[in-house]
Amino acid sequence: MKTRGLEQAESLLAHMVSSHESNPRHIARPNTTTFARVMSALAQRGDNAYRLEDLLSKMESLHHRRKSVPRGSPDAQLVAQVAPNIVVYNLLLKSYARSNDDGALQSAMKLLGRMEKNPDVSPDDLSNSYILTLLNRRDGADVNGAASAIENNKLVGPSLTSLNLDIDNLNLSDLNLNGQNLEPTSKSFNSILNVYTTTGTLEGAEKGAALLHKLEEMYGSGEINFRPDIFLHNKVMNAWHLCEQNNNDQSVSPAAKAQEILDSICEQCEDGREEEVIPNDVSFSICIHSWCKSKLPEATERAEQLLRRKELFAKKYDEVKIKSTDYNAVISKWKDDSPKGPERATLLFEEMLLRYGDSEDRMQPTAATLNALLDVYAKCHEHHDLAEKAEAYLSKMNQLHKEGKGYIVPDAISYRSAIDAWIRRWHKDSPRKVDALVKEMMTKYKDEERSDLRPDSNTLNLVLKACAHAPAMWKEKGHVEKGNDHPIAIANRMFSMLKGKNEYGATATHTTYAFMFHVYRQHMDFRDKRYATLMQNMWKHCCKDGLVSKFSFESFRDSVLEPDFWKALGGRDKFTKLGKTQMNDVSVEDLPKEWTRNVSPLKNRGKKKTAYR
């Protein structure tokens, strides 16, 4: 909106509000969107914090009036549908962050306090980023840079500012969210800690830990009359946990930092000072999962040691309970220790079955527990018997469930993990074993109505992958291409299913063709007169289906001789004109778009940060 347009919009909104208040039956009733549009425009232009405050106050007044009208009454249809949400609160915080008013920080902190008291609104990362900007501005950070970032609607975080809050000289009046000079409470510091503990950076976690330590000192000196509770401690521990997920600096161990806080609390309890702070279930889980994310060599042992310590505290304190997710995380972590990981993971799994198998709460092992073990078997492929063990556990859990004695129901992930174990086995029986497991999924899908086990294209492609990765068979006399269990025979059957109609809705993908090229290359003698013809025909189908991707193209290129490669592409001359004279010079981008039309572009998949509350 231009300035004149903004003034007209603001005037129109004021008219709608006054008309509604004087005559509830007036047709032009404002709603949340009406306010948000005007407030968004105000937040983008100049220092309009006071005007935004007035609009937010009016929204809260209309919302209070709306809530006071009983549902179902005739008047309920006449009230304005106005409810302040996180968007409008953040617009006011944004305006404070852009303001040059010395009282902007205090105003923002008061607003943050109101947000925390509102059950329908919770401060988010954007809210915290605006508070962070104001804190840095007070402490002499790059105000112009921060203002510029806000102007361009960019999050202002630790990459743009320097987190320079002077914790040693903490000013309680600045952090008093109620603005009435009342005694600060643990909740008063919650938002400040949020600013630092949600950044996911070492600097933010360090600031959060320093603030927690400062609060401990202030409590000890009598400056504040409350001691930071376990929730504030957990918040800082979780800040280190978030750092561990993206930590590439091996000189710093966020997991160890988190455990230092937990150790301090536990030592106080062990010394008989339970009245201080008692760790709860989340405290231990944060640290266990932090070690499970750590890349340090001793991380797995540390995670299991902490699990044992949690079990000891669970016997003494009701606040601490053993959860299957803790066991699952530690079991899965043993995949990082190939020499002894499978044995230790198996011991933990069997321990869970024995100790918690009959429990009816969160301690009972689940399919996720089985999947964690099978994943270890799949990843530690240096051992030669793990595929057999994975399949044996899968069969055992299915049988127990069938007999009504089981509490673990293997799911699609269970089957795929067992399949992965066989693929990584690199054994001549792998294709047959994988094919059998997929057929078992088909049977359960049809006969037991297990819709979760419906094999999709990715599952069926795993059969082709197993065939492609099995040891070469073409040199074995009397065995080439003979028998239904030969990798080529299994792959051909699966390819036919994917190309035809099937009850699973699975279709051929670019991965299907890539593995088929690998299968023929692996298990046929390239001097066989049928080899070149098979490859050319398969390539034609791939192009016709529009499934030529980087993967399938490179798989084909690596599987044929140079003359056959150029023939498949329609001749070498047109690529020579492009300066591409070698096979490796040609990329999938150089091929006709018709050949690649059905290949979905890869999407970036960001990792979610797990937060514990």
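Structural data are supplied above this passage.
Residues numbered from 1 in each chain as written. Predicted model: local features only at pLDDT ≥ 70, side-chain atom pairs only at ≥ 80, totals over all residues. Heavy atoms only, no water.

> Whenever I open this one, the overall build of the chain confuses me. Can you help?
In terms of regular secondary structure, the chain is built from 27 helices and 0 strands. In the chain, which comprises 613 residues, the share counted as buried stands at 50%. Long-range contacts, defined as pairs at least 24 residues apart, comprise 69% of the intrachain contacts of the chain with a sequence gap of at least 6. Approximately 30,700 Å² of the chain is accessible, and the part contributed by carbon and sulfur atoms is 49%. (Helix = DSSP H or I, 4+ residues; strand = E, 2+ residues; numbered from the N terminus. Buried < 20%, exposed > 50% of the residue type's maximum accessible area, 1.4 Å probe, protein only. Contact = heavy atoms within 4.5 Å. Areas by Shrake-Rupley, 256 points an atom, 1.4 Å probe, with all protein chains shown as cover.)

> So what exactly am I meant to see when it comes to helix α1 (residues 3-22) here?
Along an α-helix, residues three or four positions apart point the same way, because every turn accommodates 3.6 residues. With 20 residues, α1 should reach 28 Å at 1.5 Å per residue; the first-to-last C-alpha distance of 29 Å fits that figure. For α1, the set of buried residues is Leu-6, Ala-9, Glu-10, Leu-13, Met-16, Val-17, Ser-19 and His-20. For α1, the secondary structure elements touched by its buried residues are α2 (32-44) and α3 (49-68). (Expected span 1.5 Å × (residues − 1).)

> I'm lost on the packing of aromatic side chains in this one. Help?
How two aromatic rings sit relative to each other is set out by the distance from centre to centre and by the angle between their planes. Under the defined criterion, the tally for this structure stands at 15 aromatic pairs. When the ring of Trp-566 is compared with that of Phe-575, the centres are 5.9 Å apart and the planes differ by 45°; the resulting orientation is tilted. Looking at Phe-575, the relative accessible area reads 3%, which means it is buried. Three or more aromatic residues joined by ring pairs form one cluster here, namely Phe-517, Trp-539, Phe-553, Phe-556, Phe-565, Trp-566, Phe-575 and Trp-595. (Phe/Tyr/Trp six-rings, centres within 6.5 Å; stacked < 30°, edge-to-face > 60°.)

> Whenever I open this one, helix α16 (residues 341-356) confuses me. Can you help?
Helix length check: α16, at 16 residues, gives a terminal C-alpha distance of 22 Å against a target of 22 Å (1.5 Å per residue), a fit within 8%. Every buried residue of α16 is listed here: Gly-341, Pro-342, Ala-345, Thr-346, Leu-348, Phe-349, Glu-351, Met-352, Leu-353 and Tyr-356. As for α16, its buried residues are in contact with α14 (299-316), α15 (324-333), α17 (367-379) and α18 (386-402).

> Sorry if this is basic, but what is going on with the side chain of Asn-328 here?
Looking at where Asn-328 falls in the secondary structure, it is placed in helix α15. The class of Asn-328 is buried, set by a relative accessible area of 10%. Within the structure, Asn-328 has its side chain in polar contact with the side chain of Thr-369 (distance 2.7 Å). Setting aside anything within four residues of it in sequence, one finds Asn-328 in contact with Met-352, Thr-366, Ala-368, Thr-369 and Ala-372. (Polar contact = N/O pair within 3.5 Å; in protein donor to acceptor, adjacent residues only side chain to side chain.)

> It is not clear to me how the environment of Ser-359 should be interpreted in this structure. Could you clarify?
Note that Ser-359 resides in the loop between α16 and α17. Residue Ser-359 is classed as buried on the basis of its relative accessible area of 15%. Between the C-alpha atoms of Ser-359 and Tyr-407, which are 48 residues apart in sequence, the distance is 9.9 Å.

So yeah, pure geometry; function would need other evidence.
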